[in-house]
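Chain by chain, the residues run as shown.
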Amino acid sequence: MATASVGFKSREEHRKQQELEEARKAGLAPAEIDEEGKEINPHIPQYMSSAPWYLNADKPSLKHQRKWKVDPNYTKSWYDRGAKTFQAEKYRKGACENCGAMTHKTKLCTERPRKIGAKWTNKNIAPDEKIETFDLDYDGKRDRWNGYDTAKYAEVIKRYEARDEARRNFLKEQQLKKLDKKRNTKIDEEASSDEEDALKHDEAKADESKQMDFAKVEKRVRTTGGGSTGTVRNLRIREDTAKYLLNLDVNSAYYDPKTRSMREDPLPNADPNEKFYAGDNQYRMSGEALEFKKLSIHALHLSEKGQEEVNMQAAPSQAELLFKKYKEAKEKLKKQIQETITEKYGNAAASVEDIPKELLFGQSEREVEYDRCGRVIKGMELSVPKSKYEEDVYINNHTSVWGSWWKDQQWGYRCCQQTVKNSYCTGVAGIEAAEEAADLMRTNIERHAAVSNDSSGPVEEKRFVTWGSDTPKDLVIDREKLAEALKKEDERKREEKDERKRKYNVQWNDQVTPEEMEAYRMKRMHEDDPVKNLLH
């Protein structure tokens, strides 16, 4: 459809847009309207109807497909052929020496060369031609029909119609001459009366030229493809009204000019006995169209089951024969099953006429239980309607469906009380194992809580030494040395950032004290720290 350049669409909006476009193509929804109030053809491809993003089109339109750059100096007028402007009485200097016109030279003169030119005779001076210049574009210069007068084609049509009329008159005269000759040769009155009737009949035939042309075979020459010639039989009766002219209302049934189809009824309120056309859907749902539809579905099912040799397009006769055998086998099997059931249980429908209507409509096999007050206790329960989804489908050895059990804000299976979907059912053993695991976890939590309550005292922070193991209890860090080590660490990092302050005679000392290691650890930036960007 002709849509404007819009932003992102969700999946639901895209699906609705696709359904609306399909409905418009099928004629079920009205066509889209552009800025000028004109309907947009729904069969226009998207690459033609979509406006470029730089046009900022807010409404659907096909304006971007039209020519919007027009040259104001461009004109569609053409040369005035044969027009003359001025006719001089005597020769003028610079004019044509042959005819005396000022608009061309002697070499370009189109008149018959005179024995003595107008330059020397000063007689029969030709008038000047009308000279015009037009600013044509690229296509206008190469247009072979530019300047063609369409009124001239009426003369061609008139000439051909006169030829056809003369041909019909000639054929009619030939037939009348043959009938006159036969009538003169026969003397019998009965024969003459028969010939007169035949003459009248032939005259009527000769007058009905349209009916004669109906069965006429014409020879086609110079076809569109430029190929060989052939024969074309005119099979269309021009008296039939076209389907798109039955109802001229713009809101009536949609006519697709590409496929020449009109699915809906153009005259839904008309008398069905008087109208001969009720839409293409009428033919699709009646007659042999239904049988062909069933045949296509049967061939499609066979191809899905693996029988690829069945193809409606390649072998339609084979597909029709297989469909016929399939229907015969189906009817035979259905009849056999019915006979088997009748032999086993009998045919109760055969003796329905003997049963009284009071018993036939007044009794049923449903058992209903009432109390003393007449209220229904049992037997009148409403049946649960089935949905379109599959019900009671058990997978992985389960005996209940997913969602039949709820615990701790989780859904699961009732048979094994598992909360993992598509898991294998473990039954009662799985429930007992889960309960034992829960009891064991609960016992471990209680034991850990009891141990943590018994250990009293402040919790000391674990520190690490240079080699990465736990800090021993006898390690003592001097606070003054730690402050001095922190200052040195800051100076070292400052020197690393500014390489211009780096000295050439660097003395390396690999003796690291616990205070220096602690300062390095405190100043080090952890990559997994979430606030590392806020520290420096």
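Calculation criteria
- Residues numbered from 1 in each chain as written.
- Predicted model: local features only at pLDDT ≥ 70, side-chain atom pairs only at ≥ 80, totals over all residues.
- Heavy atoms only, no water.
- Helix = DSSP H or I, 4+ residues; strand = E, 2+ residues; numbered from the N terminus.
- Buried < 20%, exposed > 50% of the residue type's maximum accessible area, 1.4 Å probe, protein only.
- Contact = heavy atoms within 4.5 Å.
- Areas by Shrake-Rupley, 256 points an atom, 1.4 Å probe, with all protein chains shown as cover.
- Polar contact = N/O pair within 3.5 Å; in protein donor to acceptor, adjacent residues only side chain to side chain.
- Phe/Tyr/Trp six-rings, centres within 6.5 Å; stacked < 30°, edge-to-face > 60°.
- Lys NZ or Arg CZ within 6 Å of the ring centre and 35° of its normal.
- Core = buried A, V, L, I, M, F, W, Y, C linked by side-chain atoms within 4.5 Å.
- Arc of directions from axis to C-beta.
- Expected span 1.5 Å × (residues − 1).
- Salt bridge = Lys/Arg side-chain N within 4 Å of Asp/Glu carboxyl O.
- Axes fitted to C-alpha atoms, helices over the stretch in contact; angles between N-to-C directions.
- Parallel < 35°, antiparallel > 145°, perpendicular 65-115°, else oblique.
- Disulfide = S-S within 2.5 Å.

(A) Looking closely at the overall build of the protein chain. Helices and strands together make up the secondary structure of the protein chain, namely 14 helices and 8 strands. Scored against the burial criterion, the 536 residues of the protein chain give a buried share of 16%. In the protein chain, of all internal contacts separated by at least 6 residues, the share reaching a separation of at least 24 is 40%. As displayed, the protein chain has an accessible area near 46900 Å², and 52% of this comes from carbon and sulfur atoms.

(B) Seen up close, the side chain of S61. Locating S61 in the fold gives a position in the loop between α2 (46-49) and α3 (118-121). Polar contacts involving the side chain of S61 include one to the main-chain amide nitrogen of K63, which spans 3.0 Å.

(C) Geometry of the packing of aromatic side chains. Inspection of every chain in the model, using the stated rule, returns 9 aromatic pairs. Judged by centre distance (5.1 Å) and plane angle (50°), the ring pair of Y244 and Y255 falls under tilted. Of this pair, Y244 sits in the loop between β4 (230-233) and α8 (280-284) while Y255 is found in the loop between β4 and α8, placing the two residues 11 residues apart along the sequence. Taking the relative accessible area as the measure of exposure, Y244 reaches 44% and is therefore partly exposed. Taken together, a centroid distance of 5.2 Å and an interplanar angle of 65° make the contact between W402 and Y413 edge-to-face. Of this pair, W402 sits in the loop between β6 (376-378) and β7 (405-407) while Y413 sits in the loop between β8 (410-412) and α12 (427-454); the two residues are 11 residues apart in sequence, bridging distant segments of the chain. Taken together, the ring pairs in this structure connect W78, Y79 and F134 into an aromatic cluster. Stacked on the ring of Y138, the Lys or Arg R142 has its end atom at 3.7 Å from the ring centre.

(D) Expanded view of the side chain of S261. Along the chain, S261 turns up in the loop between β4 and α8. Every residue in contact with S261, bar those within four places of it in the chain, is listed here: K243, Y254, Y255, D256 and D280.

(E) Representation of the nonpolar core. Residues L295, A299, L302, V310, M312, A319 and F323 constitute the largest nonpolar core, which totals 7 residues. At the level of elements, α9 (288-304) and α10 (316-345) are the ones that each hand at least two residues to this core. With residues near it in sequence (within four places) discarded, A299 still touches V310 and M312. If you look at the next biggest cluster of nonpolar residues, it comprises 5 residues, including C96, C99, C109 and A126.

(F) Region of interest: helix α14 (residues 514-523). Among the residues of α14, E515, E518 and A519 are the ones counted as buried. Down the axis of α14, the sector holding all buried residues measures 100°, keeping them to one side.

(G) Spatial organisation of helix α1 (residues 11-26). Taking 1.5 Å as the rise per residue, α1 with 16 residues should run 22 Å; its terminal C-alpha atoms sit 23 Å apart, in good agreement. Residues of α1 that are buried include every one of Q17, E21, A23 and R24, and no others. Seen along its axis, α1 keeps its buried residues to an arc of 160°; they face one direction. One or two residues past the end of α1 sits G27, with phi positive at roughly 85°.

(H) Up close: unusual backbone geometry. A positive phi is found at N122, a non-glycine position, where the angle reads about 55°. In this structure, N122 sits in the loop between α3 and α4 (138-141). Positive phi, close to 55°, is recorded for D408, a residue that is not glycine. Inspection of the secondary structure assignment puts D408 in the loop between β7 and β8.

(I) Highlighting the pattern of salt bridges. In the structure shown here, the tally under the stated rule is 18 salt bridges. Measuring nitrogen to oxygen at the nearest pair gives 3.7 Å for the salt bridge that ties E36 to K38. Of the residues examined, E36 reaches a relative accessible area of 48% and is grouped as partly exposed. By relative accessible area, which is 48% here, K38 ends up partly exposed. Among the ionic pairs, D80 bridges to K130, the shortest N-O distance being 3.8 Å. Placement of the pair is D80 in the loop between α2 and α3 and K130 in the loop between α3 and α4, with a sequence separation of 50 residues. Via salt bridges that share partners, E12, R15 and E19 belong to a single interconnected network.

(J) Local environment of the packing of α9 against α10. One can describe the packing of α9 onto α10 by two numbers: an axis separation of 10 Å at closest approach and a directional angle of 95°. Judged by the inter-axis angle, α9 sits roughly perpendicular to α10. Across the interface between the two elements, E291, K294, L295, H298 and L302 from α9 touch A319, E320, L322, F323, Y326 and K327 from α10.

(K) Representation of the state of the cysteines. Under the defined criterion, the tally for this structure stands at 0 disulfides. Between C96, a cysteine without a disulfide, and C99, which holds the nearest cysteine sulfur, the sulfur-to-sulfur distance is 3.8 Å. Take C415: it sits in no disulfide, and the sulfur closest to it among the cysteines is that of C425, at 3.6 Å.

(L) Inspection of the environment of M102 at higher detail. Within the secondary structure, M102 is located in the loop between α2 and α3. M102 sits in the partly exposed class, given a relative accessible area of 36%. Counting along the chain gives 24 residues from M102 to A126, while the straight-line C-alpha distance between them is 9.0 Å. Ignoring any residue separated from it by four or fewer positions in sequence, one finds M102 in contact with R92, K93, G94, A95 and D128.

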